[in-house]
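Structural overview
This is what each chain is made of:
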Amino acid sequence: MESLIISKKDKILKGILDLPASKSLSNRLLMIRALSDQDFPIENLSLSEDTRLLVKLLANIKSGCRQKKYTELDTANAGTVLRFLTAYLAFQPGNWILTGSERMKQRPVGVLVEALKILGADIEYLGKLGFPPLIVHGKDLKGHEIRINPGISSQYISALMMIAPKLPRGLTILMQGNSVSTPYIEMTAGLMKFFGAGVTFNKDCIHVDPGIYHPHPFTVEADWSAAAFWYELASMADNVDLELNGLSKNSLQGDAILSSMFQNFGVHTIFYENSIKLNKIENNTNEYFFNFNDYPDIAPAVMTTCAMLGLHGRFEGLKSLKIKETDRLLALKNEFIKLGILIAVSDTDIPILEMKASQVIQGTDLVFETYGDHRMAMTFAMLAIATGPVKIINPRVVNKSYPSFWEHLQLVGFEIK
């Protein structure tokens, strides 16, 4: 399998990078545009594989609506795409088959499907109950209130929210249980309001009025989730003067919490109008405890930072990490062993990960698997600044969210071969 060897001759991190556009914002904007009565321009749309796939599938849906036979849509390993399209297709004329990769067929969608059925959707499982692939027969949806467990994926909630203005009586979503990734629900609500939807959101209830989306041009900001890996890198560098373009302090993205979080790891953030600069500060942290319930995408980078700084770490709110592109808890455990870092993951429905302060193994030509997961590849590539050369297996997985990642590493002085 293809691999890259990553190395760096010093521990200086200096440069200016244009971070990729937010995939999360881009995919929501594409869905809102598809639900609008009129087209509108989206500037700086993400170039990620997931977003390009959604653009393609929405075009296929537009042409497939005129066909009576089944139209098959392959969402590959893009969980957001499958979940958003499941809700969207539920009321689009036509007969649809939604499928994906083998990993996608292991990622649950039952909570969303059952909620849509309460609204009148006609959806069947082609394989295992509660999992893709799905057969969706588009029809009018009439329900106006559902109860849903938001503790598996916030994308179920966002998918339902975005189609809600198209329902005759709108939609009330009553959430039973603790929600995961609440900032992503808030992101969805913020975008919907920008385009004229009436949304009321509190801890346990979301109400969306019936209505229409009003078209407006929109420019997508850079991806705070992608910034996590540069913060990780900065924490391990001796000297840092790194500017990341396209990020703002008042962001719709919850992962902007990185700026305050990494103060604990010796990284200071300076905010400018449309960029940030990272510098080093004194780090006196010996242990770090955090609940990632609302911030699952940055968990790998933060946990790896703690490991590399030799901190005692205890992390909760990890349930959704087990159903990402890979089981990220298992992947981290397997790869940390190669660094001499032992972690314990509780074998419970609500997992807790704990690591003890450890001395990291260095200079042993480390080889890291990526498990088909973009965040694993980027997390472990950054270790070359601290451990010596590392080999990354299947490096193309970064295209899922950050196609220019390897070029950006070279721009700040890494050697790649």
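For the structure itself, look to the data block above.
Residues numbered from 1 in each chain as written. Predicted model: local features only at pLDDT ≥ 70, side-chain atom pairs only at ≥ 80, totals over all residues. Heavy atoms only, no water.

**Thoughts on the packing of helix 9 (residues 299-308) against helix 10 (residues 328-338)**
Here helix 9 crosses helix 10 at 25 degrees, and the two axes come no closer than 11 Å. In terms of orientation, helix 9 lies roughly parallel with respect to helix 10. As helix 9 runs across helix 10, the sense of the crossing is right-handed. Residues Pro 300, Met 303, Thr 304 and Ala 307 of helix 9 form the contact with helix 10, whose participating residues are Arg 328, Leu 332 and Phe 336. Here the residues of the contact of helix 9 with helix 10 sort into 5 nonpolar, 1 polar and 1 charged. (Axes fitted to C-alpha atoms, helices over the stretch in contact; angles between N-to-C directions. Helix = DSSP H or I, 4+ residues; strand = E, 2+ residues; numbered from the N terminus. Parallel < 35°, antiparallel > 145°, perpendicular 65-115°, else oblique. Left-handed = near helix turned anticlockwise from the far one by under 90°. Contact = heavy atoms within 4.5 Å. Nonpolar A, V, L, I, M, F, W, Y, C, P; charged D, E, K, R; others polar.)

**With respect to the sheet that holds strand 18 (residues 343-345)**
Pairing within the open sheet is mixed, and its 4 strands lie in the order 16-17-19-18. The outermost strands of the open sheet, each flanked by one partner alone, are strand 16 (287-291) and strand 18. On average, adjacent strands in this sheet sit at an angle of 10 degrees to one another, irrespective of strand direction. Direction of pairing for strand 18 relative to strand 19 (residues 353-355): antiparallel, over a ladder of 3 bridges. Note on strand 19: the bridge partner recorded for Ile 343 is Met 355. (Pairing = 2+ DSSP bridges.)

**Re the packing of aromatic side chains**
If you walk through the whole model with that rule in mind, you get 19 aromatic pairs. Here Phe 194 and Phe 195 contribute two aromatic rings whose centre-to-centre distance is 4.9 Å and whose plane-to-plane angle is 80 degrees, an arrangement assigned as edge-to-face. What makes Phe 194 partly exposed here is its relative accessible area of 40%. An aromatic cluster is built from Trp 224, Tyr 231, Phe 262, Phe 265, Phe 271, Tyr 288, Phe 290, Phe 292, Tyr 295 and Phe 315, whose rings are joined through pairwise contacts. Just above the ring of Phe 414 sits the side chain of Lys 8; from NZ or CZ to the centre is 5.7 Å. (Phe/Tyr/Trp six-rings, centres within 6.5 Å; stacked < 30°, edge-to-face > 60°. Buried < 20%, exposed > 50% of the residue type's maximum accessible area, 1.4 Å probe, protein only. Lys NZ or Arg CZ within 6 Å of the ring centre and 35° of its normal.)

**Some points on empty space enclosed by the protein**
This model, assessed by the stated rule, comprises 2 cavities of 30 Å³ or more. In this structure, the largest cavity occupies an estimated 390 Å³ of space. Forming the boundary of the largest cavity are 30 residues, of which Lys 23, Thr 80, Gln 155, Asp 297 and Lys 324 lie nearest the centre. Counting residues per element, the ones that place at least two in the lining of the largest cavity are helix 1 (23-35), helix 3 (79-89), helix 5 (154-163) and helix 11 (374-381). In terms of residues, the lining of the largest cavity owes the most to one element, helix 1, which gives 4 residues. Residues belonging to the lining of the largest cavity are distributed by class as follows: 6 nonpolar, 12 polar and 12 charged. The volume enclosed by the second largest cavity comes to roughly 40 Å³. Every residue lining the second largest cavity is listed: Ser 22, Ser 24, Tyr 184, Met 187, Asp 223, Ser 225, Gln 253, Gly 254 and Asp 255. Split by residue class, the lining of the second largest cavity holds 2 nonpolar, 5 polar and 2 charged. (1 Å grid on protein atoms, 1.4 Å probe; cavity = no way out; pocket = protein on both sides within 12 Å on 5 of 7 lines; lining within 4 Å. Points joined across faces, edges and corners; volume = space filled by probe spheres on them.)

**Digging into the environment of Ile 416**
Position of Ile 416 among the secondary structure elements: in strand 22 (residues 415-416). Considered as a pair, Ile 416 and Val 390 are 26 residues apart in the sequence and their alpha carbons are 9.9 Å apart. Excluding anything up to four places from it in sequence, Ile 416 contacts Leu 4, Ile 5, Ile 6, Trp 406, Leu 409 and Gln 410.

**Regarding helix 7 (residues 224-236)**
Across its 13 residues, helix 7 extends 19 Å between first and last C-alpha, which sits within 8% of the 18 Å expected from 1.5 Å per residue. With 13 of 13 residues buried, helix 7 lies mostly within the body of the structure. For helix 7, the N-terminal cap is Asp 223; the gap from its side-chain oxygen to the backbone nitrogen of Ser 225 is 3.0 Å. (Expected span 1.5 Å × (residues − 1). Polar contact = N/O pair within 3.5 Å; in protein donor to acceptor, adjacent residues only side chain to side chain.)

**Concerning the side chain of Ser 225**
With respect to the secondary-structure elements, Ser 225 resides in helix 7. Ser 225 has contacts with Tyr 184, Gln 253, Asp 255, Asp 297, Ile 298 and Arg 375, leaving out every residue within four places of it along the chain.

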